[in-house]
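Secondary and tertiary structure notes
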Amino acid sequence: MFELDIEMLKEQGLQLVDSAKKTAQDLADKGKNKLDLLNQQARLSKAQRQLGALVYSLHKAGEENPALVEKYIDAVAEVEKAIEEIKANMTDDERAEVEAQEAAENTESEAATEEAAPAEDEEIEEEPIQLRGETKTCPVCKAEVDGDALFCNHCGAQL
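Let us now look at the overall build of the protein chain. Broken down by element type, the protein chain carries 3 helices and 2 strands. The N-to-C order of helical and strand elements in the protein chain reads α-α-α-β-β. Out of the 159 residues belonging to the protein chain, those deemed buried represent 19%. Put simply, 47% of the contacts in the protein chain that link residues at least 6 apart link residues at least 24 apart. A total accessible area of about 12800 Å² is found for the protein chain, and carbon and sulfur atoms account for 53% of it.

This is the structure we're talking about:
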């Protein structure tokens, strides 16, 4: 009959458990990297929008505030650095996948921008500005600022 080698079965079982544990850990790390990257990309998009809104509001008011603009630029640079650190910790395959996805998104964004851009002689229709209604108060100057602002538009304090 068959003779069972308990030690061999035990060894193979331990190898399978170790292999499954390593695979599960790799999947968890990959998922965490992607989640961290998505979170940082969302922060970057928000910081860039806020910078644009600040520059626009300053220009429209005929004001200059280089120190405040520089704070926003620094905030954007800080998030970009965090994104690069996350990408540096990814495997080559993960990085290639992310870069391919970013390239596809950039291509779609450029195509949408070209479609939306009016011809030189075409007037730009004004769309009504809809405020979110989310505001907060600056702890330094007590001014009311947008709820997702990183810095106060009035005094430049970090929120």
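Here the narrative resumes, following the displayed structure.
Attention shifts here to the nonpolar core. If you look at the biggest cluster of nonpolar residues, it comprises 18 residues, and the most contacted ones within it are Leu37, Leu54 and Tyr72. If you list the elements that add at least two residues to this core, you get helix 1 (6-61) and helix 2 (66-88). If you tally residues by element for this core, the top one is helix 2, at 8 residues. Setting aside chain neighbours within four positions, we find leucine 54 in contact with Leu68, Val69 and Tyr72. Core analysis: the second largest hydrophobic core is formed by 5 residues, Cys138, Ala143, Cys152 and Ala157 among them.

Right, let's talk about the environment of threonine 107 for a bit. The topology assignment puts threonine 107 in helix 3 (residues 92-116). Accessibility expressed as a relative area gives 51% for threonine 107, which makes it exposed. One polar contact links the side chain of threonine 107 to the main-chain carbonyl oxygen of alanine 103, over a distance of 2.9 Å.

Below, the discussion takes up the pattern of salt bridges. Enumeration over the complete set of coordinates arrives at 6 salt bridges. Its salt-bridge partner being glutamate 102, residue lysine 87 comes within 3.0 Å of it at the nearest N-O pair. Of this pair, lysine 87 sits in helix 2 while glutamate 102 sits in helix 3, and the two are 15 residues apart along the sequence. According to the relative accessible area criterion, glutamate 102 is partly exposed, its value standing at 21%. A salt bridge links arginine 95 to aspartate 92; its shortest N-O distance comes to 2.9 Å. Residue arginine 95 and its partner aspartate 92 are located together in helix 3, separated by 3 residues, close to a single helical turn. With a relative accessible area of 23%, arginine 95 lands in the partly exposed category. Through salt bridges with shared partners, one network takes in Lys30, Lys34 and Glu97.

The subject of this paragraph is the state of the cysteines. Disulfides are covalent bonds that link the sulfur atoms of two cysteine residues. Overall, the coordinates contain 0 disulfides when judged by the stated rule. Among the cysteines around cysteine 141, which has no disulfide bond, cysteine 152 carries the closest sulfur, lying 3.6 Å off. Residue cysteine 141 is classed as partly exposed on the basis of its relative accessible area, which comes to 32%. Not engaged in a disulfide, the cysteine cysteine 155 finds its nearest cysteine sulfur in cysteine 138; these two sulfurs lie 3.7 Å apart.

Moving on, we come to the packing of helix 1 against helix 2. Relative orientation of the contacting elements helix 1 and helix 2 amounts to 165°, with a least axis distance of 9 Å. Between helix 1 and helix 2, the angle is such that the two are roughly antiparallel. Between helix 1 and helix 2 lies a crossing of left-handed hand.

As a further point, take the confidence of the model for the protein chain. The predicted coordinates should not be examined in detail at positions where pLDDT is low. Here the protein chain shows a mean pLDDT of 83. Residues at 70 or above account for 85%. Helix 2 holds the highest mean pLDDT among the elements of the protein chain, 93, whereas helix 3 holds the lowest, 79. Low pLDDT, under 50, characterises residues 126-131; the stretch is placed with 0 contacts to residues that sit more than four places away or in other chains.

Calculation rules
Residues numbered from 1 in each chain as written. Predicted model: local features only at pLDDT ≥ 70, side-chain atom pairs only at ≥ 80, totals over all residues. Heavy atoms only, no water. Helix = DSSP H or I, 4+ residues; strand = E, 2+ residues; numbered from the N terminus. Buried < 20%, exposed > 50% of the residue type's maximum accessible area, 1.4 Å probe, protein only. Contact = heavy atoms within 4.5 Å. Areas by Shrake-Rupley, 256 points an atom, 1.4 Å probe, with all protein chains shown as cover. Core = buried A, V, L, I, M, F, W, Y, C linked by side-chain atoms within 4.5 Å. Polar contact = N/O pair within 3.5 Å; in protein donor to acceptor, adjacent residues only side chain to side chain. Salt bridge = Lys/Arg side-chain N within 4 Å of Asp/Glu carboxyl O. Disulfide = S-S within 2.5 Å. Axes fitted to C-alpha atoms, helices over the stretch in contact; angles between N-to-C directions. Parallel < 35°, antiparallel > 145°, perpendicular 65-115°, else oblique. Left-handed = near helix turned anticlockwise from the far one by under 90°. pLDDT = per-residue confidence, 0-100.

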